[in-house]
Amino acid sequence: MIKPNELNLYKIPRKNSRLNKLTQLIKKKLGEIFLSQDFRDDNGNNLMIFIDDVVLSRDGRTATVFLSNFTKTNHKDDQEILGFISYNLTRIKKDFSEQIGLRYTPKLKFVFDCSRKKSFEIDELIGGLSPKTLK
């Protein structure tokens, strides 16, 4: 039973600053790698790949990288873009391990973030409603 004057009630949970710094470093370095490497599809069009978020495990050995694609000219699905990334994965990992400068390089796992696409679809549906249908 917790007493009203117990110190644990007033303690502010401390954020793990080391993991936050590592996630920001991973985002920055992967962004630089994606900009320096030229990702093109079969037709020669550039692919715009954005890093939404990086989730790092507690021990810092695995990093899940959430990606999104905003190219409107070519309608590539997420699996094709992941195929392009997996095709260039050895080059990405090599550049990443050279630039990161850590004792242990986290294992990278790339996943597409579908929530942003769903939010755009919902915004388009809401934008398509006329004021008469809202009343």
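Structure: see above.
Residues numbered from 1 in each chain as written. Predicted model: local features only at pLDDT ≥ 70, side-chain atom pairs only at ≥ 80, totals over all residues. Heavy atoms only, no water.

Focus: the side chain of T23
Item 1. Relative to the helices and strands, T23 resides in helix 1 (residues 17-36).
Item 2. Residues in contact with T23, not counting those within four places in the same chain, are V54 and L56. (Helix = DSSP H or I, 4+ residues; strand = E, 2+ residues; numbered from the N terminus. Contact = heavy atoms within 4.5 Å.)

Describing helix 2 (residues 78-87)
Item 1. Listing the buried residues of helix 2 in full gives D78, I81, F84 and I85. Each buried residue of helix 2 sits inside an arc of 120° when the element is viewed along its axis, so together they form one side. Structural note: helix 2 exposes Q79 and Y87 on the side pointing more than 90 degrees away from its buried face. (Buried < 20%, exposed > 50% of the residue type's maximum accessible area, 1.4 Å probe, protein only. Arc of directions from axis to C-beta.)

Observations regarding the sheet that holds strand 2 (residues 62-69)
Item 1. Pairing in this open sheet of 3 strands is mixed, and the strands run 1-2-3 from one edge to the other. Looking along the sheet, the strands with just one partner apiece sit at the ends: strand 1 (49-56) and strand 3 (107-112). Averaged over all neighbouring strand pairs, the angle between strand axes comes to 30°, with direction disregarded.
Item 2. Pairing of strand 2 with strand 3 involves 6 bridges; the strand directions are parallel. Residue pairing for strand 3: F66 is matched across the bridge by V111.
Item 3. Sheet strands in contact with helix 2 are strand 1, strand 2 and strand 3, and its direction is about 160° off that of strand 3. (Pairing = 2+ DSSP bridges. Axes fitted to C-alpha atoms, helices over the stretch in contact; angles between N-to-C directions.)

Quick look at the packing of aromatic side chains
Item 1. Applying the stated criterion across every chain, the model contains 1 aromatic pair.
Item 2. A centroid spacing of 6.2 Å and a plane angle of 45° characterise the contact between F34 and F110, whose relative ring orientation is tilted. Placement of F34 in helix 1 and of F110 in strand 3 is noted, with a sequence separation of 76 residues between them. The same class applies to F34 as to F110, namely buried.
Item 3. Over the ring of Y104 we find R61; its NZ or CZ atom is 4.1 Å from the centre of that ring. (Phe/Tyr/Trp six-rings, centres within 6.5 Å; stacked < 30°, edge-to-face > 60°. Lys NZ or Arg CZ within 6 Å of the ring centre and 35° of its normal.)

Re the pattern of salt bridges
Item 1. Counted according to the given criterion, the structure contains 3 salt bridges.
Item 2. As a salt-bridge pair, E32 and K29 come within 3.9 Å of each other at their nearest N and O atoms. Linking E32 with K29, this pair stays in helix 1, spanning 3 residues, or about one helical turn.
Item 3. Residue class for E32 comes out partly exposed when judged on its relative accessible area of 35%. (Salt bridge = Lys/Arg side-chain N within 4 Å of Asp/Glu carboxyl O.)

Considerations on the nonpolar core
Soluble globular proteins tend to pack their nonpolar side chains together in the buried interior.
Item 1. Ranked by internal contacts, the top residues of the largest apolar core, which has 23 residues, are I26, L30, I49, L67, I92 and F110.
Item 2. If you list the elements that add at least two residues to this core, you get helix 1, strand 1, strand 2, helix 2, helix 3 (89-100) and strand 3.
Item 3. If one sorts the elements of this core by residue count, helix 1 sits on top with 6 residues.
Item 4. Setting aside residues no more than four positions away along its own chain, I49 makes contact with F34, F39, L67, S68, I81 and I85. (Core = buried A, V, L, I, M, F, W, Y, C linked by side-chain atoms within 4.5 Å.)

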